[in-house]
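Topology and contacts: notes
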Amino acid sequence: MSADFATIPPQSVRRDHSAGVLHIAWHDGLAAAVKYPLVRVACSCARCVDEVTGKRLIDITDIDPLVIAQELQGVGSYAIRIQWSDGHNTGLYTWPQLRALSESSVA
Ligand SMILES: [Zn+2]
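Being a predicted model, the structure only gives us computed values, none of them experimental.

**Brief notes about the coordination of the zinc ion**
Ideal geometry at a metal centre gives angles of 109.5 degrees when four donors are arranged tetrahedrally and 90 or 180 degrees when six donors are arranged octahedrally. Every protein donor of the zinc ion is listed here as Cys-43 (SG), Cys-45 (SG), Cys-48 (SG) and His-88 (NE2), and their distances to the metal cover 2.1 to 2.3 Å. Within one chain, the residues donating to the zinc ion are spaced in sequence as C-x1-C-x2-C-x39-H. With Cys-45 in the loop between α1 (36-41) and β4 (69-75) and His-88 in the loop between β5 (79-84) and β6 (92-94), this pair connects stretches of sequence that are 43 residues apart. Like His-88, Cys-45 is buried.

Next comes the structure, spelled out in structure tokens:
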């Protein structure tokens, strides 16, 4: 039931700078290691996605391949904010977004 993940947070979100990945573990056993640049490019803030058209304004070639998640910050009970080494920190990553990233990196 993917809808459950709209409200259930991941069990853990852990940074691994040496591997350059975000480890995301879920209650159903799904565990993913998502490359930092793939998380960074999935940002859905107004600078990364056009608010009117929904069109993504950045793509993977715009992202520093060595970008690092410097800090994770909980936002309410529905999302995390990531402070990136490229200075970007305006994007929220909701549980469904992190779930989608996890599923796409496992498959
Ligand atoms: Zn953004």
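Here the narrative resumes, following the displayed structure.
**Some remarks on the UniProt feature "domain: Gamma-butyrobetaine hydroxylase-like N-terminal" (unreviewed entry) in the protein chain**
Here, UniProt's "domain: Gamma-butyrobetaine hydroxylase-like N-terminal" (unreviewed entry) annotation points to residues 17-99. Taken end to end, residues 17-99 is 13% helix and 31% strand, and its first and last C-alpha atoms sit 21 Å apart.

**Things to note about the packing of aromatic side chains**
With the rule as written, the count across this model stands at one aromatic pair. For the pair Tyr-36 and Trp-84, a centre-to-centre distance of 6.1 Å together with 80 degrees between the ring planes defines the contact as edge-to-face. Placement of Tyr-36 in helix α1 and of Trp-84 in strand β5 is noted, with a sequence separation of 48 residues between them. For Arg-99, the ring lying beneath its charged end belongs to Trp-26, and the centroid distance is 5.3 Å.

Each value, and the rule that gives it
Residues numbered from 1 in each chain as written. Predicted model: local features only at pLDDT ≥ 70, side-chain atom pairs only at ≥ 80, totals over all residues. Heavy atoms only, no water. Donors = N, O, S within 2.8 Å, 3.2 Å for Na, K, Ca; no water. Helix = DSSP H or I, 4+ residues; strand = E, 2+ residues; numbered from the N terminus. Buried < 20%, exposed > 50% of the residue type's maximum accessible area, 1.4 Å probe, protein only. UniProt positions renumbered as here; feature names shortened; annotations may be inferred. Phe/Tyr/Trp six-rings, centres within 6.5 Å; stacked < 30°, edge-to-face > 60°. Lys NZ or Arg CZ within 6 Å of the ring centre and 35° of its normal.

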